[in-house]
Amino acid sequence: MFISALSVRRPVLMTMLTGAFVLLGAYSYRRLVIDLMPNVEFPVVMITSIYPGAGPEEIESQVSQKIEDAVSTMSDIDRIESYSRESVSFVIVRFELEVDANEAANDVRAKVDAILTELPSGVEKPKVQKFEFGAFPIVSISVSSNRPVNETFAVADRVIRDRLVQVSGVANVDIIGGQRREIQVAVDRRKLEHYGVPISAVTAAIAAENLNIPQGRIVQREQEYMVRTVGEFTSLEEIGRVKIPLGENGLIALRDVAIIRDTHEERRSIARFNGQPAVQVDIIKQSGANTVTTADGIYRAVQELRRDLPDGFEIEYADDSSTFIRDAVKDVQQNILIGIVLTSIVLYLFLRNVRVTVVAAVVMPAAIVATFLLMQASGFTLNILTLMALGISVGVLVTNSIVVLENIIRHLDMGKPPDLAAIKGTDEIALAVFASVMTNIVVFVPVAFMRGIIGRFFLQFGMTVVYATLFSVVVAFTLTPMLASIVLKRVRREGPGNSPEPSGDFHVAARIVDRIMVRLAGAYRDALAWTLARKRNRFLLGAVTILMLVFSFVLLALSGGEFMPRMDEGTVSIGVKLPAGTALAQTDKAVREVEATLSRESWVASVLSTIGGADKGVNEATILAKLVPASERDRSAYQLANSMRAKVAGLPGATVSVTGARSEAGSNADMELEVLGWEKEPLRLLAAQVQQIVATTPGLVDVQSSWEPGAEELRFLPDREELARRGLSTGAVAMLLRNAYEGDDQSVFREGGEEYAIRVQYADVDRGEVAGLAALRLPMGEDRVPLTQLGEVEEHRGESEIQRRDRQRRITISGNLASGTVSEAVRAIQARTDTLAFPPGYRVRFAGSYEIQEESFAALFETMVMAIILTYVVLAMILESFIHPVTVMITLPLGLIGAALALFFGGQTVNILSLMALIMLVGIVVNNAILLLDYVAVRRRE
């Protein structure tokens, strides 16, 4: 009573306080980071190890397994995954969510450092870093020019990259397409063998001459001089004059046994934009950075680059994920405004009082804007979930204020003055409003603190609703009575609607609403009278209600389930993968066919093609088709992806996957299965059976297996006894072969402030034939020993990638949905995989989005149960009864009937958002019941 009285009798003070909250909230709103989803940090650490030239099996046994063994002794590990590929190992350690990510990274780094001596000598020091889920390209730009693509690449690498990394919020800039400049020393193998010089002698001679070494200083009286030997190469001619020792036969110039060329490194990637050669520049944002602000900074930098770059250079936006974020956030903001406007209109149609509607229309945005203050103080971002929380809070905000306003109007009708009516009306209804608010809080606090990954994301959602609810009750008890005491004091109550009859279109609408409400009220009274007249009627109503409730569960099962509803991001992504070992030119040919198909589609705005790149082989490609705006097409991105799938399915020898979703955050397959076991061959056979089951499951397309044959290898198997007899080691021969074919690039050529690698290797003609390896002769003193005398050269084909999970081998089967839902596909697959005979230690488990879905659904159901229990406790405390809360909460399951009907007939699925809506029903149903019970109690007292 004190708060409402202070609000009414000190309106200036209340206005100032409210204005302060609104101003602080508006200021906080401008400082909120904008992103698609909440920025969440997970304790995941990735160890990257590079072992040049090693195959997947060698990487697995000598690198991945040793790192797994080292880190597996740590506590609080959820799982360990590893990926062993050609020349590189990725080990991902996922910790329990409660573990601090920085501490986890430091502990893993210490474990890895402790086993460095156990790793092969050729392995670079493993790189340990936190895995950033949000570190993906937010903007991709295409750079093209009328010059050769390698010159375009040089400008992109030196100028564009340097400018973009300076943009606030940018973490890294990756460049795909083109080749770096490189000084190649193409050694003639036959001449080296003739002179009896190993290729390592060429490398050593170049390194010994290409030096810039300080030797100290000379101090003469008051002057100090630095002493330095400057022997770095300044031209290719100098490199050619380098002398190579021939033992007792003197020296020979490098140019006599090699050709020195100023050229480019071997091409391992291609980028094209709309069919034209280009260089792709991917800009990756920092974790936690404001996506929209970062994108704005990139736009400004690109504008400056367009002015500064030489004539003939063009920069175009190939992909911009910030556009989708802007549109999504803008849509939710607009929906909040629409909700406020529609709520005000509905309120007017029911109350038919402009002044009351104005009061409600003022308090709603005031409470929402004030909520931004606590959001910013809590470190939340402005994202889909927090904006959705504000949107659903509009109903809570207006409900509390309407209850207070309606009771104030009732006291005005009793003839009380406006200030007393505002005080009495607010105090009288305070218990019901407080109970309503508390039930909302106890529903959404468990939402904010759910377990699992989903709990991290919905923390901001739940707490934003709590903040908005708290401000709603503050506004309902302060600002609402204060405005009512001022605005309503001149209202004369008359007529059936308790206000002067409105005129115009609103009058007609209000009369229609009145008639509808009168008829509904009459129908409700008749139904209620019929129900209470006889016990048989009550039993019949209860039986029908139970049947409808059971039927609602059937509808929910028929609706199917998935983790997240599909969002149309305006893109169609096509993945093309050819067999391992396929040359770059062959992959390029397949990609051009896909580009040609896309160019004939009217819904395609632009096409960005990428072959190879950072962590992909030259046999892999991604084609990203950016779609025209949704208003200019009649189908969603997923529907267009389904239609495109049949058109690109006929690529010879290629595995093609098509989806309407982006694929930045790992796999974008709709469904994944993991087949785990110990031995390679039994696991492969079991995975083949599972893949056949998945491929023949209705609704699933693009079914792929992570297991595939690797590239053809030529393996040298050393004869250790022969090597020992000749005073050699396996490592020495291996390094010689690596220098001959891979090349040595330790020396650099400096020019114009830039460094370029000097690569020493056999000439192309000596590396271009398979038979050349067996014919290789190694100089040993006066002898020329054939490689075949030191061991055996055999052909081998292993795996392209070896996956492991929790120290077991794993093969992943993935697929996309053309129809149906993930839950339906899982049930169909599981019914068939359960009939397979699994050897001991082998199993099949569903992973990917379904694994997260199951975990999230379980957490949501736990949250719902907790919300129901807490709601009962709060109601029992407020109503001072153990029976009345049961009366209130027995209506909770009935809310499921309408939800099931809406999901089924609306063509929607059971996902985390629809389940969140069901949890919200707990608060809504209870609020309605509380108001009914409170009013029943008032009438009984009267």
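Residues numbered from 1 in each chain as written. Predicted model: local features only at pLDDT ≥ 70, side-chain atom pairs only at ≥ 80, totals over all residues. Heavy atoms only, no water.

**Some words on the packing of helix α12 (residues 384-413) against helix α13 (residues 418-448)**
- Two elements in contact, α12 and α13, have axes separated by 7 Å at closest approach and are oriented at 155°. As the angle between them shows, α12 and α13 are arranged roughly antiparallel. Viewed along their axes, α12 and α13 form a crossing whose handedness is right-handed.
- A class-by-class count of the residues in the contact of α12 with α13 yields 13 nonpolar, seven polar and three charged. (Axes fitted to C-alpha atoms, helices over the stretch in contact; angles between N-to-C directions. Helix = DSSP H or I, 4+ residues; strand = E, 2+ residues; numbered from the N terminus. Parallel < 35°, antiparallel > 145°, perpendicular 65-115°, else oblique. Left-handed = near helix turned anticlockwise from the far one by under 90°. Nonpolar A, V, L, I, M, F, W, Y, C, P; charged D, E, K, R; others polar.)

**A short note on helix α28 (residues 895-905)**
- Among all positions in α28, only G895, L896, I897, A899, A900 and L903 are buried.
- Of the residues trailing α28, G907 is marked for its positive phi of about 70°. (Buried < 20%, exposed > 50% of the residue type's maximum accessible area, 1.4 Å probe, protein only.)

**Points about the pattern of salt bridges**
- Counted by the stated rule, this structure contains 43 salt bridges.
- With a closest N to O distance of 2.8 Å, R809 and E60 form a salt bridge. Placement of R809 in strand β29 (residues 808-817) and of E60 in helix α3 (residues 56-71) is noted, with a sequence separation of 749 residues between them. Neither R809 nor E60 differs from the other in exposure class; each is buried.
- Note that E722 is salt-bridged to R726, the shortest N-O span being 2.7 Å.
- In this structure E722 comes out as buried when scored by relative accessible area, which is 15%.
- Here the residues in one salt-bridge network are D78, R79, E81, R94, E674, R805, R810, R845 and E851, joined through shared partners. (Salt bridge = Lys/Arg side-chain N within 4 Å of Asp/Glu carboxyl O.)

**A few points about α3**
- At S64, α3 shows its maximal bend, which comes to roughly 35°.
- Taken together, the buried positions of α3 are P56, E57, I59, E60, V63, S64, I67, E68, A70 and V71. (Bend = angle between axes of the 7 residues up to and from the residue.)

**Side note on the packing of helix α11 (residues 354-377) against helix α15 (residues 479-487)**
- Put simply, α11 and α15 touch, their axes get as near as 10 Å, and they point 150° apart. Viewed along their axes, α11 and α15 adopt a mutual orientation that is roughly antiparallel. In this structure, α11 crosses over α15, and the sense of that crossing is right-handed. Along its contact with α11, which presents R355, V359, V362, V363 and A366, the element α15 presents L479, T480, L483 and V487.
- Considered class by class, the residues forming the contact of α11 with α15 number seven nonpolar, one polar and one charged. (Contact = heavy atoms within 4.5 Å.)

**Comments concerning the packing of aromatic side chains**
- Summed over all chains, the structure comprises nine aromatic pairs.
- Considering the side-chain rings of F42 and F457, the 5.9 Å spacing of their centres and the 50° angle between planes classify their relative orientation as tilted. Of this pair, F42 sits in the loop between α2 (11-31) and β1 (44-50) while F457 sits in helix α14 (residues 452-477), and the two are 415 residues apart along the sequence.
- Classification of F457 as partly exposed rests on a relative accessible area of 23%.
- Cluster of aromatic residues (ring-pair linked, three or more members): F444, F458 and F461.
- Across from the ring centre of Y756, 4.5 Å away, lies the NZ or CZ of R181, which sits over that ring.
- The lysine or arginine in question, R684, covers the ring of W707, its NZ or CZ lying 5.2 Å from the ring centre. (Phe/Tyr/Trp six-rings, centres within 6.5 Å; stacked < 30°, edge-to-face > 60°. Lys NZ or Arg CZ within 6 Å of the ring centre and 35° of its normal.)

**Regarding the environment of V356**
- Tracing the backbone through its elements, the reader meets V356 in helix α11.
- Along the primary structure V356 and V91 are separated by 265 residues, whereas in three dimensions their C-alpha atoms are 63 Å apart.

**Details of the confidence of the model for the protein chain**
- Mean pLDDT over the protein chain: 83, with 94% of residues reaching 70 or higher.
- Confidence, read as mean pLDDT per element, is least for helix α1 (residues 2-9) in the protein chain (63) and greatest for strand β3 (residues 88-95) (92).
- Under a pLDDT of 50 for its full length, residues 490-503 has, in the predicted model, 24 contacts with residues more than four places off or in other chains. (pLDDT = per-residue confidence, 0-100.)

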